[in-house]
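Spelled out from the first residue to the last, the chains are:
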Amino acid sequence: RRVHGIKMTTSDPAVIMDEMETIEIPEVPLAGDITSQLDPRTKSQFENLKEYSVGYYTKLRQCMKPWSEFANPGALSRPSTAGEAGHRVYVNVFKYQGNYLILVFLLFLYSVLTSPLLLVGICLGGVSHFYFSTRRNPNTGEVALFNKKLTLPQQYAVTPGLTVPLLFFGSAGSILFWLIGASVVLVLVHASCIAVDTSRVFEESA
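Presented here is an overview of the structure given in this document. (Residues numbered from 1 in each chain as written. Predicted model: local features only at pLDDT ≥ 70, side-chain atom pairs only at ≥ 80, totals over all residues. Heavy atoms only, no water.)

## Section: unusual backbone geometry
At step 1: For Ser171, which is not glycine, the phi torsion reads 55 degrees and is therefore positive.
At step 2: Counting through the fold element by element, Ser171 comes out in the loop between α8 (152-169) and α9 (172-193). (Helix = DSSP H or I, 4+ residues; strand = E, 2+ residues; numbered from the N terminus.)

Listed below in structure tokens is the structure:
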């Protein structure tokens, strides 16, 4: 008899299990250091951020439509009913999601550039986080700053201590609500005014 391709000398199940348990599987050497490929700490935070940004930008470009189509005045029309407006919003939000993200990002830049305190707070937070993450001791987690070693809790306290007061006096909360409101209004108005080819939608869904 053969069990899993192994010739057995008896039909006793207990003996068969003993013989199968004593089978040794040879170790196969792996090509290269797989630990360095899986461990995210082998890459710097700047390299990870660069790879993430490039990948996100590539995906964004894939879901973007030409701006000539997005801002075509000939495609604008007033919806006759609320149901038609809702259907247009449903279709156009997915169709022009890349373009809408670019517009929201431009609104965000406008909000930051018109508020100096908010701009300084965001820059200080980004610079301090980048400095601590790149100068941190991998063994102890400490960072040398002005001839003084900062522990991890102290590092986590420095960044909010620099940014939170500036964000508070820069009215970050009101700017955030304005950004959300302006983005929602912009997307809804544009998406509801762009006519949708119903027959083409049905053909694509089929």
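On we go.
## Some details on the side chain of Ser192
At step 1: Tracing the backbone shows Ser192 in helix α9.
At step 2: Setting aside its immediate chain neighbours within four residues, Ser192 contacts Ser77, Pro79, Ala85, Arg88 and Val89. (Contact = heavy atoms within 4.5 Å.)

## Some remarks on a nonpolar patch on the surface
At step 1: On the surface, Phe105, Leu106, Phe108, Leu109, Leu113, Leu119 and Ile122 cluster together into a nonpolar patch covering about 620 Å² of accessible area.
At step 2: For the nonpolar patch, the elements supplying multiple residues, two or more each, are α6 (97-113) and α7 (116-135).
At step 3: Among the elements that make up the nonpolar patch, the one with the highest residue count is α6 (5 residues).
At step 4: With respect to the helices and strands, the residue Leu113 is situated in helix α6.
At step 5: Judged by relative accessible area, Leu113 falls into the exposed class, the value being 61%. (Patch = residues over 30% accessible without salt bridge, like charges linked within 9 Å, V, L, I, M, F, W, Y side chains within 5 Å. Areas by Shrake-Rupley, 256 points an atom, 1.4 Å probe, with all protein chains shown as cover. Salt bridge = Lys/Arg side-chain N within 4 Å of Asp/Glu carboxyl O. Buried < 20%, exposed > 50% of the residue type's maximum accessible area, 1.4 Å probe, protein only.)

## Structural notes on α7
At step 1: The terminal C-alpha atoms of α7, which comprises 20 residues, lie 28 Å apart, in line with the 28 Å expected from a rise of 1.5 Å per residue.
At step 2: Every buried residue of α7 is accounted for by Leu118, Gly121, Gly125, Ser128 and Phe132. Down the axis of α7, the sector holding all buried residues measures 105 degrees, keeping them to one side. For α7, the exposed residues lying more than 90 degrees away from the buried face are Pro116, Val127 and Arg135.
At step 3: Buried-residue contacts for α7 involve α6, β3 (143-145), β4 (148-150), α8 and α9. (Expected span 1.5 Å × (residues − 1). Arc of directions from axis to C-beta.)

What is shown is where atoms sit, not what they do.
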